[in-house]
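# Notes for the structure review
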Amino acid sequence: MPAYNSQEHIKLAIESILNQTFKEFELLIVDDGSTDNTLDIIKFYMEKDSRIRLIEQPNAGVGAARNTGIEAAQHDWIALMDSDDIAFPERFEKQAHAIASDAEVVVWGSAVHHMGHNGKILNDIKFVGPATKEEFQQQRQQGQLIYIATTTAVFRKDIAKTI
């Protein structure tokens, strides 16, 4: 989870991860040089849950913060999450089942809901990316851009490090 001046939203983001029905994970939060109370909030949650690990770095942008987290991750699969997003409680459990169902797939994503600052869902569910391997292959053969909603992605760390 990259975080930069995220004090307004990061509490809900962290809680949505800590409340996952799938419990075997580490939550890496990369603070990207925040100047607000983001660090204090992260440290508060770190005291409550040992699965949280904080990495601090000077501000370098969300991409650099994500890459720092990927490099530091201790597990084979990486699930992305932004500090202003909320994950449904079953996200990791459903993604773990998907991973176990097909060893050939190296990245999984899901549909998304867009939310306002008040937490209210702004639109219906938005499906992003191919829904099957066949659809993926068809889009790839046609040279189409294959899009996965970044903050729903879960992918193999070894593959990400080769790109």
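Report on the accompanying structure.

How each quantity is defined
Residues numbered from 1 in each chain as written. Predicted model: local features only at pLDDT ≥ 70, side-chain atom pairs only at ≥ 80, totals over all residues. Heavy atoms only, no water. Core = buried A, V, L, I, M, F, W, Y, C linked by side-chain atoms within 4.5 Å. Buried < 20%, exposed > 50% of the residue type's maximum accessible area, 1.4 Å probe, protein only. Helix = DSSP H or I, 4+ residues; strand = E, 2+ residues; numbered from the N terminus. Contact = heavy atoms within 4.5 Å. Pairing = 2+ DSSP bridges. Right-handed = clockwise from strand over helix to strand, strands pointing away.

The biggest cluster of nonpolar side chains holds 19 residues, and the ones touching the most others in it are Met-1, Ile-10, Ile-14, Ile-17, Leu-27, Ile-29 and Ile-52. Put simply, the parts of the chain that give this core at least two residues each are helix H1 (10-18), strand E2 (27-32), helix H2 (38-48) and strand E3 (52-57). With 5 residues, the top contributor of residues to this core is H1. The residues contacting Ile-29, other than those within four sequence positions of it, are Met-1, Ala-3, Ile-10, Ile-14, Ile-42, Ile-52, Arg-53, Leu-54 and Ile-55. One finds Ile-55, Ile-70, Ile-78 and Leu-80 within the second-largest nonpolar core, a separate group that totals 10 residues.

This part covers the pairing of E2. Each regular strand carries side chains that alternate between the two faces of the sheet. The buried count for E2 comes to 6 of 6 residues, which makes it a mostly enclosed element. Every second residue of E2 is oriented toward a common face, with Leu-27, Ile-29 and Asp-31 on one face and Leu-28, Val-30 and Asp-32 on the other, all of them buried. Sheet topology places strand E1 (residues 2-3) next to E2; 2 bridges connect them, and they run parallel. Bridging across to E2, Ala-3 finds its partner in Asp-31. A crossover connection joins E1 to the parallel E2 through H1; in handedness this β-α-β unit is right-handed.

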